[in-house]
Amino acid sequence: MIATTLPAPDAPADSPTGAAPARVLHFIDGTYTAGTGGRVFENRSPVDGRLVSLVHEASRADVDDAVRAARAALKGPWSRMTVEQRTAILHAVADGITRRFDDFLAAECADTGKPRSLASHIDIPRGAANFKIFADLVKNVATECFEMATPDGRGAINYARRAPRGVIAVISPWNLPLLLMTWKVGPALACGNTVVVKPSEETPTTTALLGEVMNEAGVPPGVFNVVHGFGPDSAGAFLTAHPEVDGITFTGETRTGEAIMKAAAAGVRPVSFELGGKNPALVFADCDMDAAIEGTMRSVFANCGQVCLGTERVYVERPIFEEFVSRLKAGAEALRLGRPEDPETNLGPLISAEHRDKVLSYYRKAVADGATVVTGGGVPDLGPELAGGSWIQPTIWTGLADDSAVMREEIFGPCCHVRPFDTEEEAVALANDTPYGLAAAVWTENVSRAHRVSARIDAGIVWVNSWFLRDLRTPFGGSKASGIGREGGVHGLEFYTELKNVCIKL
Ligand code: NAD
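The rules behind the values
Residues numbered from 1 in each chain as written. Predicted model: local features only at pLDDT ≥ 70, side-chain atom pairs only at ≥ 80, totals over all residues. Heavy atoms only, no water. Domains from an automatic or database assignment. Buried area = accessible area lost by both parts, 1.4 Å probe. Salt bridge = Lys/Arg side-chain N within 4 Å of Asp/Glu carboxyl O. Polar contact = N/O pair within 3.5 Å; in protein donor to acceptor, adjacent residues only side chain to side chain. Helix = DSSP H or I, 4+ residues; strand = E, 2+ residues; numbered from the N terminus. Nonpolar A, V, L, I, M, F, W, Y, C, P; charged D, E, K, R; others polar. Pairing = 2+ DSSP bridges. Axes fitted to C-alpha atoms, helices over the stretch in contact; angles between N-to-C directions. Near = heavy atom within 4 Å. Areas by Shrake-Rupley, 256 points an atom, 1.4 Å probe, with all protein chains shown as cover. Buried < 20%, exposed > 50% of the residue type's maximum accessible area, 1.4 Å probe, protein only. Phe/Tyr/Trp six-rings, centres within 6.5 Å; stacked < 30°, edge-to-face > 60°. Lys NZ or Arg CZ within 6 Å of the ring centre and 35° of its normal.

A word on the domain arrangement of the chain. In terms of domains, the chain is made up of domain 1 (22-275 + 482-503) and domain 2 (279-471). Once you take the C-alpha centre of each, domain 1 and domain 2 turn out to be 31 Å apart. Between domain 1 and domain 2 the total buried area reaches about 2,200 Å² when both faces are included, carbon and sulfur atoms providing 58% of it. On the domain 1 side of the contact with domain 2, V47, W174 and S482 bury the most area, a combined 26% of that side's loss. Scanning the region where domain 1 abuts domain 2 turns up one salt bridge. Of the charged contacts in the structure, one is a salt bridge between R339 and D48, with a shortest N-O distance of 3.5 Å. One can count ten residue pairs in polar contact (both at pLDDT 80 or more) joining domain 1 with domain 2. Mapped by element, the contributors of at least two residues to the side of domain 1 that touches domain 2 are α4 (101-112) and α5 (116-121). A per-class count over the side of domain 1 that touches domain 2 returns nine nonpolar, eight polar and eight charged.

Now the structure itself:
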């Protein structure tokens, strides 16, 4: 039994083996604890609805304990370590994840239902890499230094120092649980901060498991803390409103970001936000059609469409529109829905029944607004074993007006709308006609057009002839309603450190 779990005295009747289900605990000050709240909530599999675990919900007192532990740890051995010592420990964390690859993989797939083939290539390896890359980066980053003249002729030197910001609250989503959480925890710890993490209520397990790895790697108690629960009136809101939190880094929906920003206003605490998107792909007639189809297939359907960077609006130059739609349809219809462990599976379920209801409401709206359903549009019949899961058909529409809800709002499911365009000017205008500005994909073999169009698209990330090709040293984040600030490379240092100028008169 792993230390994240306790035997449950009240095993529910639908426990698959008749055994007590696992319990997911908080991790506070280096120790797993059920906390003081006494409330638990169910974590159910999106694959078949079976109970995966019971998760303890943090009370306000539990969140206080976690923040207190994080604050105390700021003054402990963590703060006295050299950057080389911290780097070595974070490398050990990465190695610890890799050593327990199968445990992390099983936990991630049980919580999300995503195909093992996907999680084993992306979620878990990137979860480990996030510790190494930021540790190495922080170790090697330089700050600025300016010599200046003074009236007495002796001059002065200015140099910048980076100090940790303090206690960082990390609020993470369910779509790439380990990857997106470590993407924040990695740089936060590399910069010498301490953290309290509140993972999504849908996917608590890999974050909980990371506590074991932290202890094994020698991370001092209190540096990494985890509390479980929901957002409003629960652990998320208690944590973001906590006056002893020095900064909040959040990935999730734009509306949640607005609520967190209000909480952060008290004490003027800084925020780093990675929010929603309604990302366009622009497919020009001069593209490499095979590559554009392959890339658009991934950007629409990977992780069952639950990727913030995913494409929901596809604009195709008119001469190739019919061919593109028919090839994308064939690709969608060849997708294989199934259990995570089946190597043939390339499409899992949505995260929950609640999220499926939301996505299905857009499927209905599309039809009500006059869309042509090219493929999909409903719930697949995968037999009685999977009937309790949150399955949905991959779906493609054409024919919607640009101002319809399906074209304006983030759906976060395996679906897209494809619309023709006639000129480059029109394509850019359509791409930018959205409150969001996270990512875009441009498919063209014309290098001048690639530069021209990329420059004019209002988004934090533009891929040309690719999608999700990520170099972790590069800036990552959205413009407009898609976020505040940039993560990745040295750019995250603006949030995770306080920059101080020291001026020395010579
Ligand atoms: P969500 O906003 O519902 O929840 C995210 C986290 O916030 C969860 O841990 C949740 O418990 C917590 N939360 C909710 N309300 C809160 C509150 N009032 N105070 C504090 N915490 C609160 O998002 P989700 O459904 O988990 O994830 C999907 C969304 O995340 C999509 O909009 C997607 O685009 C976005 N996302 C963005 C990026 C990016 O990099 N820009 C990456 C992944 C996901």
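Read from one edge to the other, the open sheet built from three strands follows the order β6-β7-β23, with strand pairing classed as antiparallel. Only two strands of the sheet have a single neighbouring strand rather than two, namely β6 (145-148) and β23 (497-505). Across this sheet, the average inter-strand angle for adjacent strands is 25 degrees, counted without regard to direction. Two strands pair when backbone bridges link them, and strand β7 (residues 156-164) and β23 are joined in this way by nine bridges, in the antiparallel orientation. Bridge pairing links A156 to K505 in β23.

Let's shift gears to the site of the ligand. Close to the ligand lie 31 residues; K198, E201, T256, L275 and E410 are nearest. Backbone polar atom of G252 to an oxygen atom of the ligand: 3.5 Å apart, as the coordinates give it. With respect to the ligand, the backbone of L275 contributes an N or O atom lying 2.7 Å from a nitrogen atom. When the ligand sits alone it has 850 Å² of accessible area, and the protein chains cover 92% of it. When residues of the shell around the ligand are traced back to their parent elements, those giving at least two are α9 (235-240), β11 (247-251) and α10 (254-265). Looking at side-chain class alone, the shell around the ligand contains 16 nonpolar, ten polar and five charged residues. Residues from two domains meet in the shell around the ligand; each of domain 1 (22-275 + 482-503) and domain 2 (279-471) gives at least three.

Read across the open sheet, the three strands follow the order β1-β5-β4; overall the sheet is mixed. Only two strands of the sheet have a single partner each, and these edge strands are β1 (22-24) and β4 (39-44). In this sheet, neighbouring strand axes are inclined to one another by 30 degrees on average, regardless of whether the strands run parallel or antiparallel. Pairing geometry for β1 and strand β5 (residues 51-57), over three bridges, is parallel. Bridge pairing links V24 to V55 in β5.

Here we take up unusual backbone geometry. Although it is not a glycine, D233 adopts a positive phi angle of roughly 55 degrees. By the secondary structure assignment, D233 is in the loop between β10 (224-226) and α9. A positive phi angle, near 50 degrees, is found at K480, a position not held by glycine. By relative accessible area, K480 is classed as partly exposed at 39%.

Any pair of aromatic rings gets described here by the distance separating the centres and the angle formed by the planes. Going through the model one piece at a time under the given rule, you end up with twelve aromatic pairs. Arranged with centres 4.5 Å apart and planes meeting at 50 degrees, the rings of F41 and F230 form a pair that is tilted. Of this pair, F41 sits in strand β4 while F230 sits in the loop between β10 and α9; the two residues are 189 residues apart in sequence, bridging distant segments of the chain. In this structure an aromatic cluster arises from ring pairing among F27, Y32 and F224. Just above the ring of W183 sits the side chain of R126; from NZ or CZ to the centre is 5.5 Å. Here K365 stacks its cationic end above the ring of Y362, 4.5 Å away from the centre of that ring.

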